[in-house]
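What follows is each chain in one-letter form.
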Amino acid sequence: MIIVYRYGHRIGRDKRITTHVALVARAFGADGIVIDTKDEGVEESIKKVVERFGGNFFIKSGISWKEYFKQWKGKIVHLTMYGERVDKVINEIRKHKDLLIVVGAEKVPGEFYEIADYNVAIGNQPHSEVAALAIFMHFLTDGKWLDKKFNGILEIIPCKKGKIVKYNYKKILEKEGCSKAVIKHCEKVAKLAKEIAERIARNGIKVDMEAVEAGAWLHDVGRAKTHGIMHIIEGVEIAKKYGMPKKVLEIIKHHGGAGIDAEEAEKLGLPKEDYTPKSIEEMIVAHADNLVGLKYRKIDDAIREFKRKAGEKAAKKLIALHKKLSELAGIDIDEIVDKLE
Ligand code: SAM
C-alpha cells in the first residue's frame with residue numbers, strides 16, 4: 001500500500017498544485033492520497049479523473065497528520081530537500097510494503113524530520129512537491145509504474161502524432177447501470193454493425209467505423225433509465241456526458257425501429273421530430289439492432305415481430321432498410337447474420 005500524505009494544503013491557493021500532486025500519485029502508482037485540509041473541490045476533480053481513466057485510486061481530505069501518522073502501520077517517507085539522496089536509500093525503502101509518502105505545501109513542522117523513517121531528497125535543491133513525488137515514485141517502482149493498467153472507460157493509445165483515445169463502451173454500460181441482458185444485446189449489435197459496415201466500406205462507400213462502433217455499443221445506454229421509447233432521449237443525454245461526438249448522438253437518437261417519423265414520434269410520446277436514420281452509420285446501427293434480440297435473427301423473424309408490435313408501416317420501412325443495406329453491402333444482410341449465428 002502506497003499512500004501520499006499532503007501536508008499544509010491551503011484552500012484556494014493550493015488547489016491546482018495539490019490536484020497535480022494527487023494526479024501524479026495516481027499516475028505513478030500510489031493507491032491513494034490523504035490531504036490534511038478538507039477540500040471538496042480537489043476531491044471531486046480527482047474522482048472525476050478516476051471515473052474516466054480508471055484505477056482504484058482513493059482521495060480523502062480533512063484528515064489531520066497527527067491522527068493519520070499515529071495509526072499508520074507502515075514506514076513514513078518524508079520528501080524534503082534536506083534529506084538523504086534518493087539513490088542511496090531507495091533499495092532500503094523498497095523492502096517495505098506499506099509506505100506513507102509525505103510532501104508539504106507550506107513549511108512542514110520540525111517534528112516531521114524525527115517522525116519520518118526516511119527523509120529523502122530528490123536532489124538537495126528546492127523545487128516542487130509534484131516533481132519530487134514523480135521522481136521518487138519512478139525510483140521506487142524502478143520505472144514499472146509505466147506498465148500500470150488502469151482499465152478505465154478511456155484509454156489513450158500511444159501514437160507518434162495526433163490523439164488516439166479508445167473508449168471501453170462495455171464499461172460505460174456497466175457504470176450507467178444497464179442490465180446484463182442489455183449489455184449482451186449491445187455487444188451483439190456492435191458485432192453485427194461492424195460486419196455490415198466493413199462489407200459496405202469494402203464496396204468503396206465511406207463509413208465512419210469508430211462512430212458505428214460507439215453508436216452500436218451505446219444505442220441502448222438509455223435503457224439504464226427506462227425501457228420505454230424515451231430510452232432514446234435518455235441515451236443521448238448519457239452519451240453527451242461522455243463527450244460522444246454528434247455523429248454518435250445521432251446514431252442513438254435515430255436507432256428506433258427502422259425509423260420513426262415526426263407523427264409516429266408524437267404518438268409514441270417522443271418530442272415531435274423526425275427520428276429516421278439518415279447517415280449510413282445511423283442506418284447500419286438501426287438495422288443491426290433490428291436483427292438482434294438476445295440472439296441474432298433473420299429478417300423474416302424481424303418482419304413478423306414488427307408487424308405484430310408496430311404494424312404494417314413499420315414493417316415496410318424495415319424491409320426497405322434491409323434491401324438498401326444489402327445492396328450497399330453487396331450481400332444479403334441475412335448471410336452476415338448467418339455467419340455470426
Ligand atoms: N516552502 C516550504 C519550505 O520552506 O519548507 C517548501 C515548499 S516546497 C515547494 C513543497 C514541498 O516540495 C516540500 O515540502 C517537499 O516535500 C517538496 N520538495 C521540494 N524540493 C524538494 C527536494 N529537493 N527533494 C524532495 N522534496 C522536495
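Here, the structure is the one placed above.
A brief report on the enclosed structure follows.

Rules and cut-offs
- Residues numbered from 1 in each chain as written.
- Predicted model: local features only at pLDDT ≥ 70, side-chain atom pairs only at ≥ 80, totals over all residues.
- Heavy atoms only, no water.
- Near = heavy atom within 4 Å.
- Polar contact = N/O pair within 3.5 Å; in protein donor to acceptor, adjacent residues only side chain to side chain.
- Areas by Shrake-Rupley, 256 points an atom, 1.4 Å probe, with all protein chains shown as cover.
- Helix = DSSP H or I, 4+ residues; strand = E, 2+ residues; numbered from the N terminus.
- Nonpolar A, V, L, I, M, F, W, Y, C, P; charged D, E, K, R; others polar.
- Salt bridge = Lys/Arg side-chain N within 4 Å of Asp/Glu carboxyl O.
- Buried < 20%, exposed > 50% of the residue type's maximum accessible area, 1.4 Å probe, protein only.
- Core = buried A, V, L, I, M, F, W, Y, C linked by side-chain atoms within 4.5 Å.
- Contact = heavy atoms within 4.5 Å.
- Arc of directions from axis to C-beta.
- Pairing = 2+ DSSP bridges.
- Axes fitted to C-alpha atoms, helices over the stretch in contact; angles between N-to-C directions.
- Phe/Tyr/Trp six-rings, centres within 6.5 Å; stacked < 30°, edge-to-face > 60°.

## Quick look at the site of the ligand
By nearness alone, 16 residues border the ligand, and L79, G104, I122, G123 and Q125 come closest of all. Here a nitrogen atom of the ligand sits 2.6 Å away from a polar atom, N or O, in the main chain of Q125. Coverage of the ligand by the protein chains reaches 75% of its 570 Å² of free accessible surface. Secondary structure elements with two or more residues in the shell around the ligand: strand 4 (75-85), strand 5 (99-104), strand 6 (118-121) and helix 6 (129-140). Here the element with the most residues in the shell around the ligand is strand 4; it accounts for three residues. Its residues placed into classes, the shell around the ligand shows eight nonpolar, six polar and two charged.

## Section: the pattern of salt bridges
With the rule as written, the count across this model stands at 25 salt bridges. Across the salt bridge formed by D301 and R304, the nearest N and O atoms sit 2.6 Å from each other. Of the two residues, D301 and R304 both sit in helix 14 (residues 299-309), three residues apart, roughly one turn of that helix. Residue classification places D301 among the partly exposed residues on the basis of a relative accessible area of 36%. Residue classification places R304 among the exposed positions, given a relative accessible area of 53%. One network of salt bridges, with partners in common, ties together D261, E264, K313 and K317.

## Notes on the nonpolar core
Membership of the largest hydrophobic core comes to 55 residues, with the highest contact counts inside it found for L192, M244 and I284. If you tally residues by element for this core, the top one is helix 8 (residues 180-202), at ten residues. Every residue in contact with M244, bar those within four places of it in the chain, is listed here: Y167, Y169, I172, A214, L218, A239 and L249. Among the nonpolar cores identified, the runner-up in size contains 34 residues, and V4, A22, A25 and I33 belong to it.

## Remarks on helix 14
Among the residues making up helix 14, those that are buried are I299, A302, I303 and F306. Along the long axis of helix 14, the arc covered by the buried residues comes to 100 degrees, so they all point the same way. Opposite the packed face of helix 14, turned more than 90 degrees from it, sit the exposed residues R304, R308 and K309. Elements in contact with the buried residues of helix 14: helix 13 (280-290), helix 15 (312-329) and helix 16 (333-340).

## What about unusual backbone geometry?
Phi is positive for D142, which is not a glycine, with a value near 55 degrees. By secondary structure assignment, the location of D142 is in the loop between helix 6 and strand 7 (154-157). Assessed through its relative accessible area of 53%, D142 is described here as exposed. A positive phi angle, close to 55 degrees, is found at N151, a residue other than glycine. Inspection of the secondary structure puts N151 in the loop between helix 6 and strand 7.

## What about the sheet that holds strand 5?
The strand order across the open sheet formed by six strands is 3-2-1-5-4-6, and the pairing between neighbours is parallel. The two strands at the open ends of the sheet, each matched to only one other strand, are strand 3 (58-61) and strand 6. The average undirected angle you get between the axes of adjacent strands in this sheet is 30 degrees. Looking at chain direction, strand 2 (residues 32-35) and strand 3 are connected through four bridges and run parallel. Of the residues in strand 3, the one forming a bridge with I35 is S61. Each of strand 1 (2-7), strand 2 and strand 5 touches helix 1 (residues 15-27); the most contacted strand, strand 1, lies at about 170 degrees to it. The strands touched by helix 4 (residues 86-94) within the sheet are strand 4, strand 5 and strand 6, with strand 4 carrying the most contacts at an inclination of about 165 degrees.

## Quick word on the packing of aromatic side chains
Under the definition given, this model contains ten aromatic pairs. Look at Y7 and F112: their rings are 5.0 Å apart centre to centre, the planes differ by 70 degrees, and that puts the pair in the edge-to-face class. One end of the pair, Y7, is in strand 1; the other, F112, is in helix 5 (residues 111-115), with 105 residues separating them in the sequence. The same class applies to Y7 and to F112, which are both buried. Both rings, one in Y167 and one in Y169, keep their centres 5.9 Å apart while their planes meet at 15 degrees; by these two values the pair is stacked.

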